[in-house]
Amino acid sequence: MTIAAESVTEGISFGLTEEQELLRDELRRFAEERIAPGVAERDREHRFPADVVAELGELGLLGTLIPEAYGGAGMDVLSYVVAVEEIARVCPSVAVTLSVTNSVCCWPIVAFGSEELKRRILPELAGGALGGFGLTEPGSGSDAGALATSAVRDGDSWVLNGEKAWITNAGVAKYFVVMARTEPEAGKRGISAFVVPADAPGLTIGKSEEKLGLRASVTAPLILEDCRVGGDNQLGELGNGFKMALATLDHSRLGIAAQALGVHQRALDLAVAYAQERVQFGVPIARHQAIQFKLAEMATSLAAARVLTRCAALAEGGPDGGRLASEAKVFASEAANRACYESLQIHGGNGFSDEYEISRLYRDVRVLTIYEGTSEMQRLVISRHLLR
Ligand SMILES: Cc1cc2nc3c(=O)[nH]c(=O)nc-3n(C[C@H](O)[C@H](O)[C@H](O)COP(=O)(O)OP(=O)(O)OC[C@H]3O[C@@H](n4cnc5c(N)ncnc54)[C@H](O)[C@@H]3O)c2cc1C
């Protein structure tokens with residue numbers, strides 16, 4: 001059952017420039033015309049929408065943060081955040097495919113790659129190739145510094161061994177930024193970063209995860225067995241991989257906050273439409289104050305999350321950037337989870353049916369407080385900034 005739900009707060013631009021508003025409007029049209037059709041079927045069939053993602057690539061949306069000199073769109077971070085929100089509003093699975101490529105693959109290569117590496121790889125990513133990020137392992141999630149994958153120098157190459165777990169875009173990406181241990185005894189300072197092509201000898205993709213949500217996105221393990229990459233695929237300085245991973249996550253959390261905004265907006269829009277349509281006790285349920293208060297709460301927390309996320313995007317790279325990104329991520333993702341819960345509640349029994357979009361959003365939203373650092377880890381990051 002598709003509810004024609006107009007966006008109830010779309011007139012408010014929250015400090016966007018005219019150009020950014022234009023981008024938002026164009027992407028909203030694109031998302032509704034090209035991404036929305038078939039979204040429920042793709043979720044049901046766990047089907048990755050390769051055609052839709054290819055179109056995003058043609059529009060330059062997979063290389064938004066890559067400078068024009070390397071073929072990218074050279075967008076500012078706030079525009080990127082606006083783009084992710086608009087896509088997530090229609091399909092969170094496509095939004096995560098896009099944000100992972102931009103934020104955790106393209107971004108660290110732009111920030112830390114040698115000129116040669118950037119010239120060799122970025123044009124392909126800017127042209128529509130997908131990217132991934134391999135930090136998590138079966139034995140190390142929140143405690144990423146404990147990772148066990150090793151990288152050993154052999155002549156001109158690096159040889160990687162280990163397993164990366166829960167890797168978004170594994171199976172569809174062309175390049176992965178992978179963290180591996182180059183000095184076994186050096187703790188977090190013994191970790192380095194590498195760009196691993198999907199066709200590198202010794203790299204295989206494990207079985208795709210059967211997920212609660214984001215079922216039209218691909219998530220699978222990366223298995224590295226004597227996986228050989230060229231010495232020139234090392235990213236940044238040797239031993240600096242953990243620092244680079246943290247810097248990357250400081251940036252990429254803005255993309256997760258933006259995903260949360262898109263899902264939150266849609267959950268609110270659906271709730272407003274349903275509450276005006278559904279009649280109980282002789283009146284639309286929207287006339288009951290208990291329902292009105294839920295809608296008011298959802299709208300208020302959305303406005304707060306949006307302002308905080310956009311503020312964090314503007315502060316990126318500055319002294320408060322990392323803390324604000326964590327604050328935006330934890331606030332927006334938890335607010336979006338609450339909004340989906342209340343929107344489903346407003347839908348009553350119908351909300352529990354696959355026929356209604358809110359049931360998919362309720363599943364999709366759950367991971368936002370988990371990946372790219374759980375809510376607990378965000379609170380640790382924020383408090384570390386405060387107590388430094
Ligand atoms: C759909 C999906 C896509 C993903 N994509 C990627 C990807 O592309 N690349 C990648 O590298 N990873 C990816 N991940 C992994 C994700 O980043 C991790 O799941 C996440 O960091 C949490 O790690 P964990 O699952 O091992 O949980 P754990 O670290 O085992 O945590 C379990 C629980 O303990 C809590 N906890 C742990 N330590 C502390 C502490 N010190 N204080 C308080 N509480 C604590 C956590 O907050 C959590 O609630 C993805 C995960 C999912 C589900």
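Residues numbered from 1 in each chain as written. Predicted model: local features only at pLDDT ≥ 70, side-chain atom pairs only at ≥ 80, totals over all residues. Heavy atoms only, no water.

A. Representation of the nonpolar core within the structure. Judged by nonpolar contacts, the single largest core of 118 residues is most densely connected at Ile-35, Leu-125, Leu-160, Met-179 and Val-196. Residue contributions to this core peak at 18 residues, all from helix α7 (residues 241-277). Not counting residues up to four positions away in its chain, the partners in contact with Met-179 are Phe-133, Gly-134, Leu-135, Leu-147, Thr-149, Lys-164, Ile-191, Ser-192, Ala-193, Gly-241 and Ala-245. (Core = buried A, V, L, I, M, F, W, Y, C linked by side-chain atoms within 4.5 Å. Buried < 20%, exposed > 50% of the residue type's maximum accessible area, 1.4 Å probe, protein only. Helix = DSSP H or I, 4+ residues; strand = E, 2+ residues; numbered from the N terminus. Contact = heavy atoms within 4.5 Å.)

B. Spatial organisation of the site of the ligand. Phe-133, Thr-136, Ser-142, Trp-166 and Thr-374 are the nearest of the 18 residues found near the ligand. Contacts to the ligand include Phe-133, whose backbone N or O atom sits 2.8 Å from a nitrogen atom. When residues of the shell around the ligand are traced back to their parent elements, those giving at least two are β3 (157-168) and α11 (375-387). Here the shell around the ligand is composed, by residue class, of nine nonpolar, six polar and three charged. (Near = heavy atom within 4 Å. Polar contact = N/O pair within 3.5 Å; in protein donor to acceptor, adjacent residues only side chain to side chain. Nonpolar A, V, L, I, M, F, W, Y, C, P; charged D, E, K, R; others polar.)

C. View of the domain arrangement of the protein. As far as domains go, the protein holds domain 1 (18-126), domain 2 (131-241) and domain 3 (243-387). Between domain 2 and domain 3, the C-alpha centre-to-centre distance is 30 Å. Across the contact, 14 residues belong to domain 2 and twelve residues belong to domain 3. Taking both partners together, domain 2 and domain 3 bury about 1,000 Å²; carbon and sulfur atoms supply 69% of that area. (Domains from an automatic or database assignment. Buried area = accessible area lost by both parts, 1.4 Å probe.)

D. Region of the structure containing the packing of α7 against helix α9 (residues 321-347). Here α7 crosses α9 at 20°, and the two axes come no closer than 8 Å. Considering the angle they form, α7 stands roughly parallel to α9. When you trace α7 past α9, the crossing you get is left-handed. Per-class residue counts for the contact of α7 with α9 are 18 nonpolar, six polar and three charged. (Axes fitted to C-alpha atoms, helices over the stretch in contact; angles between N-to-C directions. Parallel < 35°, antiparallel > 145°, perpendicular 65-115°, else oblique. Left-handed = near helix turned anticlockwise from the far one by under 90°.)

E. Structural detail: the packing of aromatic side chains. Summed over all chains, the structure comprises three aromatic pairs. Considering the side-chain rings of Trp-107 and Phe-112, the 5.9 Å spacing of their centres and the 85° angle between planes classify their relative orientation as edge-to-face. The class for Trp-107 is buried, based on a relative accessible area of 19%. Judged by its relative accessible area of 27%, Phe-112 falls in the partly exposed class. Between Tyr-274 and Tyr-356, the aromatic rings sit 6.1 Å apart at their centres with planes inclined by 85°, giving edge-to-face as the arrangement. Residue Tyr-274 is found in helix α7, and its partner Tyr-356 is found in the loop between α9 and α10 (357-364); the two are separated by 82 residues along the sequence. The class for Tyr-274 is buried, based on a relative accessible area of 5%. (Phe/Tyr/Trp six-rings, centres within 6.5 Å; stacked < 30°, edge-to-face > 60°.)

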